[in-house]
Amino acid sequence: LTLLTSPVSAQGAAPVFALLEGEWAGEGTLFGGPARFDMRWAAAHGTSVLTFANHRVDSTGKATRVLGAVALYRTNPATPRATWEDTRGVQVRIEWTAEDSTLVSTWTAATESGRTRYQVRADGTVEVVDEVMRGGTLAEFGRAVYRRVR
């Protein structure tokens, strides 16, 4: 798999959306503790739809869901906007940029803002890093590596 770097064009969906399409299971950290993550990306009517959930994992291995969400990314024609609705009742505005293998979502809600970076790696995994704005700087609160669910 060769990953090139070219910016999204206004002509159509950025290549990263095709690379992300499908079901993914991730493991990593959330707020400093072990966590599991699920995401599914699907193309539908000129959008890329992200369905997402994260779970904290306790010392026994039991996973407890923290958050579920759905986001709609306008992709064809490429419009660098999206919206996110989650189980907290929070609606988030997203502005995104994309290259062939990277999607960066800069998000703003009523009480917080931050950034999420999706990087499709050469080995076919996806690394996702979540950051929230704290005191004028971005602070990481989540990180995971996802593998395709077959």
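Residues numbered from 1 in each chain as written. Predicted model: local features only at pLDDT ≥ 70, side-chain atom pairs only at ≥ 80, totals over all residues. Heavy atoms only, no water.

### What about the overall build of the chain?
Turning to step 1, where the next piece is worked out: Across its full length, the chain carries one helix and 10 strands.
Turning to step 2, where the next piece is worked out: Of the regular secondary structure in the chain, the N- to C-terminal order runs α-β-β-β-β-β-β-β-β-β-β.
Turning to step 3, where the next piece is worked out: By the compact-globule yardstick of 15 Å for 150 residues, the chain fits well, its C-alpha radius of gyration being 15 Å.
Turning to step 4, where the next piece is worked out: The principal-axis extent of the C-alpha atoms belonging to the chain is close to 50 × 35 × 30 Å.
Turning to step 5, where the next piece is worked out: A buried classification covers 41% of the 150 residues belonging to the chain.
Turning to step 6, where the next piece is worked out: Restricting to contacts in the chain with at least 6 residues of sequence separation, those with at least 24 account for 35%. (Helix = DSSP H or I, 4+ residues; strand = E, 2+ residues; numbered from the N terminus. Rg over C-alpha atoms; globule rule 2.2 N^0.38 Å. Buried < 20%, exposed > 50% of the residue type's maximum accessible area, 1.4 Å probe, protein only. Contact = heavy atoms within 4.5 Å.)

### Quick notes on the packing of aromatic side chains
Turning to step 1, where the next piece is worked out: With the rule as written, the count across this model stands at 10 aromatic pairs.
Turning to step 2, where the next piece is worked out: Plain terms: the ring middles of Phe-37 and Phe-52 are 6.5 Å apart, the flat faces sit at 35 degrees to each other, and that makes the pair tilted. Of this pair, Phe-37 sits in strand S2 (residues 33–44) while Phe-52 is found in strand S3 (residues 47–57), placing the two residues 15 residues apart along the sequence. Neither Phe-37 nor Phe-52 differs from the other in exposure class; each is buried.
Turning to step 3, where the next piece is worked out: Ring geometry for Trp-41 versus Tyr-73: centroids 5.4 Å apart, planes at 45 degrees, classification tilted. Here Trp-41, found in strand S2, pairs with Tyr-73, found in strand S4 (residues 63–75); they are 32 residues apart in sequence, far enough to count as distant. In this structure, Trp-41 and Tyr-73 share a single accessibility class: buried. (Phe/Tyr/Trp six-rings, centres within 6.5 Å; stacked < 30°, edge-to-face > 60°.)

### Details of the environment of Leu-20
Turning to step 1, where the next piece is worked out: Counting through the fold element by element, Leu-20 comes out in helix H1 (residues 15–20).
Turning to step 2, where the next piece is worked out: A relative accessible area of 0% places Leu-20 in the buried class.
Turning to step 3, where the next piece is worked out: Discounting chain neighbours no more than four positions away, the residues touching Leu-20 are Met-39, Trp-41, Leu-103, Val-120 and Val-126.

### Overview of the layout of surface pockets
Turning to step 1, where the next piece is worked out: The volume enclosed by the largest pocket comes to roughly 460 Å³.
Turning to step 2, where the next piece is worked out: In terms of lining residues, the largest pocket is bounded by 25 residues, among which Leu-67, Trp-84, Trp-107, Asp-130 and Phe-141 are the most central.
Turning to step 3, where the next piece is worked out: For the lining of the largest pocket, the elements supplying multiple residues, two or more each, are S3, S4, strand S5 (78–86), strand S6 (91–98), strand S7 (102–108), strand S8 (113–120), strand S9 (126–134) and strand S10 (137–148).
Turning to step 4, where the next piece is worked out: Element by element, the count of residues in the lining of the largest pocket is highest for S9, at four residues. (1 Å grid on protein atoms, 1.4 Å probe; cavity = no way out; pocket = protein on both sides within 12 Å on 5 of 7 lines; lining within 4 Å. Points joined across faces, edges and corners; volume = space filled by probe spheres on them.)

### Section: the nonpolar core
Turning to step 1, where the next piece is worked out: If you look at the biggest cluster of nonpolar residues, it comprises 33 residues, and the most contacted ones within it are Met-39, Trp-41, Tyr-73, Trp-84, Trp-96, Leu-103 and Tyr-146.
Turning to step 2, where the next piece is worked out: Those residues in contact with Tyr-73, other than ones at most four positions away along the chain, are Phe-17, Trp-41, Gly-46, Thr-47, Ser-48, Arg-81, Ala-82, Ile-94, Trp-96, Leu-103, Ser-105 and Tyr-118. (Core = buried A, V, L, I, M, F, W, Y, C linked by side-chain atoms within 4.5 Å.)

### A short note on the sheet that holds S4
Turning to step 1, where the next piece is worked out: Spatially, 10 strands are ordered S1-S2-S3-S4-S5-S6-S7-S8-S9-S10 in a closed barrel, and the strand pairing comes out antiparallel. If you compare each strand with its neighbour and ignore which way they point, the axes differ by 25 degrees on average.
Turning to step 2, where the next piece is worked out: Examined bridge by bridge, S8 and S9 share seven bridges and lie antiparallel to one another. The partner of Tyr-118 across the bridge, within S9, is Val-128. (Pairing = 2+ DSSP bridges. Axes fitted to C-alpha atoms, helices over the stretch in contact; angles between N-to-C directions.)

### Some remarks on the pairing of S4
Turning to step 1, where the next piece is worked out: Both S3 and S4 contribute to a ladder of 11 bridges, which runs antiparallel. Looking across to S4, one finds that Thr-51 is bridged to Val-70.
Turning to step 2, where the next piece is worked out: Counted along the chain from S3 to the antiparallel partner S4, the turn is five residues long, and its residue Gly-61 has a positive phi close to 95 degrees.
Turning to step 3, where the next piece is worked out: Inspection of the sheet shows S4 paired to S5 by six bridges, in the antiparallel sense. Among the inter-strand pairings, Ala-69 is bridged to a residue of S5, identified as Asp-86.

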